[in-house]
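# Inside the fold
Single-letter residue listing:
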Amino acid sequence: SDIPPPKATLLSCKTPPNKGGQTEFCSTIAAWEALPEEEKRDLEGLRVVHSVQAAVREIAKPEDLNPVRRDMKHEHPLVWTHEDGRKSLLIGCHADYIVGMDKGQSRALLARLLEWAAQPDFSCRHTWSQGDFAIWDNTGSLHRALPYAPDSGRVMHRTTVAGCEAVA
């Protein structure tokens, strides 16, 4: 199915971790803009299947997932065109494979694009304090938590906003 991804995510810090647990954010808009023109032409028109299974592939077996969520898949353009005309890469750990391409080859391309987008030129890191609040556009950015111990005290509250921006 081709249900647009959620418009935004909100994250608030109830209790910061005593060590680690920062969040890194990267702009997939800036990452797209910095790609060579030839590569942009090669990526335009590609479609990616996103899935819960892909997001947890490294940490969980498919049979351990909620059966309703386990089989959820959504197909989206790799290059997202925003209403204002800007473009971004719609990638992340949930991006499973590129439609019509060998899975191994497509996963290698997606991993390379994810590494490209996460480089320091397009990223920032936030160290949380109690009461901090962040909001981001899911189609123009990515985030990831840095490792922290389960007993670090880190308590965060995450809300996903169901609105969406249609592909231009």
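In short, a report on the structure. (Residues numbered from 1 in each chain as written. Predicted model: local features only at pLDDT ≥ 70, side-chain atom pairs only at ≥ 80, totals over all residues. Heavy atoms only, no water.)

A complete count under the given rule lists 9 salt bridges for this structure. Linking Glu-24 and Arg-125 is a salt bridge whose minimum nitrogen-to-oxygen distance equals 2.6 Å. Highlighted residues: Glu-24 in strand 2 (residues 23-27) and Arg-125 in strand 8 (residues 123-126), separated in sequence by 101 residues. Arg-47 is paired through a salt bridge with Glu-75; the nearest N and O atoms lie 2.7 Å apart. Linking Arg-47 in strand 3 (residues 47-51) with Glu-75 in strand 4 (residues 73-77), this pair joins segments that are 28 residues apart in sequence. Through salt bridges that share partners, Glu-24, Arg-125 and Arg-144 make up one connected network. (Salt bridge = Lys/Arg side-chain N within 4 Å of Asp/Glu carboxyl O. Helix = DSSP H or I, 4+ residues; strand = E, 2+ residues; numbered from the N terminus.)

Strand order in the open sheet formed by 3 strands is 8-2-10, and the pairing between neighbours is antiparallel. In this open sheet, the two strands that pair with only one neighbour each are strand 8 and strand 10 (141-145). Taken over all neighbouring pairs, the strand axes of this sheet differ in orientation by 20 degrees on average, direction set aside. (Pairing = 2+ DSSP bridges. Axes fitted to C-alpha atoms, helices over the stretch in contact; angles between N-to-C directions.)

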